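Spelled out, the chains give:
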Amino acid sequence: MSSTMSFDSDNLRSPLMPVEKEEEQSKKLCIDEMLQKHCGEFGRWQLKHFVLTNLAWALEAFHTMVMIFADREPKWKCLPGAAGSGCDAAASSVCSLPPGTWEWVGGRDASTVSEWGLICGDKFKVGLVQALFFAGSMIGAGIFGHLSDSSLGRKGSLTIVCILNAIFGCLTTFSPNYWTYVLLRLLTGFSSGGVGLCAFVLASEPVGPTKRGIAGMSTFYFFSSGIVLLSLIAYIFQTWRELYIASSIPSIFFVVLVLPFLSESPRWYLVRGRVREATKIMSNIASTNGKHLPSDIILALDDEDSSTPSDGLVHEQTWKNEHLQNKEALVGSIIDVIRCPITRIRLFIALAINFFCSVVYYGINLNVVNLETNLYMNVALNALAEMPAFGLTALLLDRLGRKPLTIGTMWFSGFFCLMASFISNVGIWKVVRMVCGILGIFGMAGTYNLLFIYTAELFPTVVRNAALGCGSQAAQMGAILAPIVVVLGAWLPFALFAACGIAGGTFAFYLPETLNQPLYDTFTGLEAGIA
């Protein structure tokens, strides 16, 4: 009797709710699929979020490149009536001149060099403070890279580093002596190290896979624009203390006026097990973009089984409700990256390329002090030269692929740096050498931009920021070396930049191509996708 009733019940249920239809409706989708099918890959929501988030890049440019102007060696002149005491305007250095026979143009407060006498035997202190800034950036990149993957999230980490940047930048203005200045620059570097990677990941993770490459390449327009704007600010505020105030106040405005309107990354919410928050953001993206996210679509990680139960309505609804609940967080660290054979090799190669790229990029930017041309114009031209590099690499990114473009841009930069090393810094050759430097930074800027996208695509979401943080640390190690190389002067800086560019391009041969590959969430998803 009971078996008959059960049979009849099944027969009655099937016409009302077909199993095939229920299975079709209850479908798991990862974030990339959801963006492509229901939310839009780069609509109004992503555009607003992308622009507001990447304003942080301009602020990082302020805090990083301000050293070019604040730590410059101003021009000097002989005091009236000092000609007979040994002062000669034709002298190449003031180190051989008697004290009291010359003075700095613009006064002692023009730069840190003129205020604290960082010349002659103390000239190394200029390179030291710049190197320590990048050392702080290296530490900060590792710490905030981990925190943005774990407890703080992308937005939380970005908020903290921007607040710290504003505080340390303003305090630097009141440095009473050189060593206090060194400490505050070290602390500013620590906070600046997390700005770029947090902003990049937060801006790019809500973007769909086919738009991610171009969007990622566009982030660095903000950094270059920040350098150009900084050149103008430095031209207006000629003393180094005023310059630090003027370049730090925008960080306060960003924290108060921009950060409250940013959203956390839905990918971070998902790997942390906070499915409801992730789904809410995806729904908001869809509605803002003029689309609709079906209520029966379930957000899932890429390593979750896409199959659904097929034994009736009650079980199907139970399964669906369970998967809408928040789940246990997935936490990864750089140790997990090293343990996995696939990501371990990728990490070591990415670190080498980031290191070489950074030596060249920051080295050429800082080396403008050795070119004996207009400092403000040269810095602005270098930054402007980066912009067409971003546009060109963005156009070629999805045609040539990440790997060939990395090799090509690094070798392009290396070639022109090699040319510059053979050119003297006399007469018209100064201009030729400056052009070679601009072309060198043109190529390396494309690489520097591309590496963020390439590195982000090489590693899964659960450790993406940690891996980017490691790459940023390697880059900061290169940046630490850059001011030391610049201090050498003559032909050596460009020769070393050429060697780094050629070596970095060679290492890129050993990385896999990530063009048209999904942005994996977990190690399991990555391994399954490669298998």
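Residues numbered from 1 in each chain as written. Predicted model: local features only at pLDDT ≥ 70, side-chain atom pairs only at ≥ 80, totals over all residues. Heavy atoms only, no water.

Looking at an unreviewed UniProt entry, one finds the protein named Putative major facilitator, sugar transporter, major facilitator superfamily and attributed to Lupinus albus. Recorded in UniProt for the protein, the comment headed Subcellular location (unreviewed entry) runs: "Membrane". (UniProt positions renumbered as here; feature names shortened; annotations may be inferred.)

Is there a simple way to explain the overall build of the protein in this structure?
On a plain count of helices and strands, the protein comes out with 22 helices and four strands. A buried classification covers 55% of the 531 residues belonging to the protein. Considering only contacts in the protein between residues 6 or more positions apart, those separated by 24 or more positions represent 83%. A total accessible area of about 21,900 Å² is found for the protein, and carbon and sulfur atoms account for 66% of it. (Helix = DSSP H or I, 4+ residues; strand = E, 2+ residues; numbered from the N terminus. Buried < 20%, exposed > 50% of the residue type's maximum accessible area, 1.4 Å probe, protein only. Contact = heavy atoms within 4.5 Å. Areas by Shrake-Rupley, 256 points an atom, 1.4 Å probe, with all protein chains shown as cover.)

Would you take a moment to explain the nonpolar core for this structure?
A general feature of soluble globular proteins is that nonpolar side chains tend to end up buried together. In terms of nonpolar packing, the biggest core is built from 124 residues, with Ile68, Phe69, Leu158, Tyr361 and Phe497 touching the most fellow members. When residues of this core are sorted by domain, at least three fall in each of domain 1 (26–79 + 97–301) and domain 2 (336–530). What Phe69 contacts, discounting residues up to four positions off in sequence, is Ser111, Leu230, Ser231, Ala234, Leu243, Leu375, Tyr376 and Val379. Cys39, Trp45, Val275 and Ile285 belong to the second-largest nonpolar core, a separate cluster that totals 20 residues. (Core = buried A, V, L, I, M, F, W, Y, C linked by side-chain atoms within 4.5 Å. Domains from an automatic or database assignment.)

Which parts of the structure should I look at to understand the side chain of Glu60?
Inspection of the secondary structure assignment puts Glu60 in helix H4 (residues 44–70). For Glu60, the residues in contact, after removing those within four places along its chain, are Ser192, Val195, Gly196 and Phe223.

Hey, could you run me through helix H21 (residues 492–507) in this one?
An α-helix turns once per 3.6 residues; consequently, residues spaced three or four apart project the same way. Its 16 residues give H21 an end-to-end C-alpha distance of 23 Å, which sits within 8% of 22 Å, the value for a rise of 1.5 Å per residue. Residues of H21 that are buried: Pro493, Phe494, Phe497, Ala498, Cys500, Gly501, Gly504 and Gly505. Down the axis of H21, the sector holding all buried residues measures 165°, keeping them to one side. Packing partners of the buried residues in H21 comprise helix H16 (341–366), helix H18 (402–421), helix H19 (429–458) and helix H20 (464–488). (Expected span 1.5 Å × (residues − 1). Arc of directions from axis to C-beta.)

Even after reading the chapter, I still don't get the packing of aromatic side chains, so can you show me in this structure?
Describing an aromatic ring pair means giving the distance of the ring centres and the angle of the ring planes. Summed over the entire model, instances satisfying the criterion amount to 31 aromatic pairs. Between Phe220 and Phe390 the ring centres are 6.0 Å apart and the planes differ by 50°, which places this aromatic pair in the tilted class. Highlighted residues: Phe220 in helix H10 (residues 209–236) and Phe390 in helix H17 (residues 375–400), separated in sequence by 170 residues. You can call Phe220 buried: its relative accessible area is 3%. Their ring planes at 70° and their centres at 5.6 Å tell us that Phe355 and Phe356 sit as a pair that is edge-to-face. By the ring-pair criterion, three or more aromatic residues cluster together here, those being Trp57, Phe133, Phe134, Phe220, Tyr221, Phe223, Tyr361, Tyr362, Phe390 and Tyr448. Its guanidinium or amino end placed over the ring of Tyr178, Lys125 lies 5.4 Å from that ring's centre, counting from NZ or CZ. (Phe/Tyr/Trp six-rings, centres within 6.5 Å; stacked < 30°, edge-to-face > 60°. Lys NZ or Arg CZ within 6 Å of the ring centre and 35° of its normal.)

Even after reading the chapter, I still don't get the pattern of salt bridges, so can you show me in this structure?
Should the charged atoms of two oppositely charged side chains come close, the side chains can pair. Here the structure, examined in full by the defined rule, presents eight salt bridges. Salt-bridge contacts for Glu205 lead to Arg154; the nearest nitrogen and oxygen are separated by 2.8 Å. Residue Glu205 is located in the loop between helix H9 (195–204) and H10, and its partner Arg154 is located in helix H7 (residues 153–172); the two are separated by 51 residues in the primary sequence. Since its relative accessible area comes to 0%, Arg154 is described here as buried. (Salt bridge = Lys/Arg side-chain N within 4 Å of Asp/Glu carboxyl O.)

What is the right way to read H20 from this model?
Helix length check: H20, at 25 residues, gives a terminal C-alpha distance of 37 Å against a target of 36 Å (1.5 Å per residue), a fit within 8%. Where burial is concerned, most of H20 is hidden: 19 out of the 25 residues are buried. Remark: Ala490 follows H20 within two positions and exhibits a positive phi of approximately 60°.

When you look at the packing of H9 against H19 in this model, what are you seeing that I'm missing?
When two helices pack together, their arrangement is given by the angle between the helix axes and by the axis-to-axis distance. Taken N-terminus to C-terminus, the directions of H9 and H19 make an angle of 65°; their axes are 11 Å apart at the nearest point. When the axis of H9 is compared with that of H19, the two are roughly perpendicular. Handedness of the crossing formed by H9 with H19: right-handed. On H19, the residues that touch Gly196, Leu197 and Phe200 of H9 are Phe452, Ile453 and Ala456. In the contact of H9 with H19, the residues fall into five nonpolar, one polar and no charged. (Axes fitted to C-alpha atoms, helices over the stretch in contact; angles between N-to-C directions. Parallel < 35°, antiparallel > 145°, perpendicular 65-115°, else oblique. Left-handed = near helix turned anticlockwise from the far one by under 90°. Nonpolar A, V, L, I, M, F, W, Y, C, P; charged D, E, K, R; others polar.)

What should I look at first to understand unusual backbone geometry in this one?
Glycine aside, the phi torsion of most residues is negative, and most peptide linkages are trans. Phi is positive for Cys120, close to 55°, though the residue is something other than glycine. Following the sequence through the fold, Cys120 ends up in the loop between helix H5 (112–116) and helix H6 (124–149).

So what exactly am I meant to see when it comes to the confidence of the model for the protein here?
If pLDDT is low for a region, its predicted coordinates should not be looked at in detail. Per-residue confidence for the protein gives a mean pLDDT of 81; residues scoring 70 or more make up 85%. In the predicted structure, residues 1–24 sits below a pLDDT of 50 and forms 10 contacts with residues beyond four places in sequence or in another chain. Low pLDDT, under 50, characterises residues 305–324; the stretch is placed with 31 contacts to residues that sit more than four places away or in other chains. (pLDDT = per-residue confidence, 0-100.)

It is not clear to me how the environment of Phe237 should be interpreted in this structure. Could you clarify?
By the element assignment, Phe237 lies in the loop between H10 and helix H11 (240–257). For the pair Phe237 and Ala110, spaced 127 residues apart in the sequence, the C-alpha separation amounts to 9.5 Å. Look past the residues within four positions of Phe237 in its chain and what remains in contact with it is Glu242, Leu243 and Ala246.

Help me understand the environment of Leu396, please; the structure alone is not making it clear to me.
Note that Leu396 resides in helix H17. Aside from chain neighbours lying at most four places away, what touches Leu396 is Gly401 and Leu405.

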